[in-house]
Amino acid sequence: MAETRRFVCIVCPRGCSLEVEVLLGTERGAKGSPSVAAVRGNSCKRGEEYARREVVDPRRTLTSTVRTRGSARRRLSVKTSCPIPLMELRRAARALDGVVVSSPLKCGDVVLGNLLGLGVDVVATDDL
């Protein structure tokens, strides 16, 4: 048995409407995780890869701000160095609540290493 899930691809500006056929029940993948039977509607290979990943292991890049000390600016924009599991996004955002940085910092400098033990750093997206 299978179900169809619909996504809008976010990999490029085309925004393809994707249909993903997901296997259910005994046809599922290892450890009962969803398994993708087919992807339709993508204009490129990247769209297919995105759809498959979105069903099995959805991830997002967290963008936020952290407080500063010793600067005229009150906040510094930051982001994760790579996407993190979608289920960890809220917890990751909360982890940044207590972070306070001081100058000087350059764009790309690590503000917080190994966020939540995920092996992902939080980096500055601007100079301070």
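From a predicted model like this one, the values you see are computed outputs, not experimental measurements. Residue numbers run consecutively from 1 along every chain, following the written order of its sequence. Totals for whole chains, interfaces and linings use all residues, but because this is a predicted model, local features are given only for residues with pLDDT of at least 70 and pairs of side-chain atoms are given and counted only at 80 or more. Side-chain metrics rest on all non-hydrogen atoms present in the structure, leaving aside hydrogens and water.

## Structural notes on the pattern of salt bridges
Think of a salt bridge as a Lys or Arg side-chain nitrogen and an Asp or Glu carboxyl oxygen that are within 4 Å of each other. Tallied over the full model, the rule gives 10 salt bridges. Between Glu 19 and Arg 40 there is a salt bridge, and its shortest N-O distance comes to 3.8 Å. Placement of the pair is Glu 19 in strand E2 (residues 17-23) and Arg 40 in strand E3 (residues 35-40), with a sequence separation of 21 residues. Glu 19 sits in the partly exposed class, given a relative accessible area of 29%. Salt-bridge contacts for Arg 60 lead to Glu 54; the nearest nitrogen and oxygen are separated by 2.8 Å. We call a residue buried when its accessible area falls under 20% of the maximum for its residue type, exposed when it is over 50%, and partly exposed in between, using a 1.4 Å probe and counting protein chains only. A relative accessible area of 12% means that Glu 54 is categorised as buried. The network of salt bridges with common partners includes Arg 6, Glu 19, Glu 21 and Arg 40. Going along the chain from the N terminus, every DSSP run of H or I of four or more residues is numbered as a helix, and every run of E of two or more is numbered as a strand.

## Observations concerning the pairing of strand E5 (residues 63-69)
Pairing between strands is defined by DSSP: at least two bridges between the two strands are required. Where E5 lies against strand E6 (residues 75-80), five bridges are found, and the strand directions are antiparallel. Its bridge partner lying in E6, Val 66 is registered against Leu 76. The hairpin turn running from E5 into E6, its antiparallel successor, is five residues long, and Gly 70 in that turn takes a positive phi close to 75°.

## Description of the sheet that holds E5
Strand pairing in a sheet relies on backbone hydrogen bonds, with the paired strands running either antiparallel or parallel. The five strands lie next to each other as E8-E5-E6-E10-E9, forming an open sheet whose pairing is mixed. Two strands in the sheet have a free side with no partner beyond their single neighbour: strand E8 (100-102) and strand E9 (110-112). On average, adjacent strands in this sheet sit at an angle of 50° to one another, irrespective of strand direction. Orientation is described by axes fitted as lines to C-alpha atoms, over the contacting stretch for helices, and by angles from 0 to 180 degrees between their N-to-C directions.

## Points about helix H1 (residues 45-56)
By this rule the span expected of a helix is its residue count minus one, scaled by 1.5 Å. Taking 1.5 Å per residue, 12 residues should reach 16 Å; H1 reaches 17 Å between its end C-alpha atoms and fits that length. Contacts are assigned to residue pairs that have any heavy atoms within 4.5 Å of one another. Considering only its buried residues, H1 is in contact with strand E1 (2-8), E2, E3 and strand E4 (59-60).

## Regarding the sheet that holds E1
Spatially, E1-E2-E3 is the arrangement adopted by the three strands of the open sheet, whose pairing is antiparallel. Whereas interior strands pair on both sides, the edge strands pair on one side only; in this sheet they are E1 and E3. When strand polarity is set aside, the average angle formed by the axes of neighbouring strands in this sheet is 25°. Bridging between E1 and E2 involves seven bridges; their strand directions are antiparallel. Bridged to Arg 5 within E2 is Val 20.

## Re the environment of Gly 117
Along the polypeptide, Gly 117 turns up in the loop between E9 and strand E10 (122-124). Spatially, the C-alpha atom of Gly 117 lies 16 Å from that of Lys 79, the residues being 38 residues apart in sequence.

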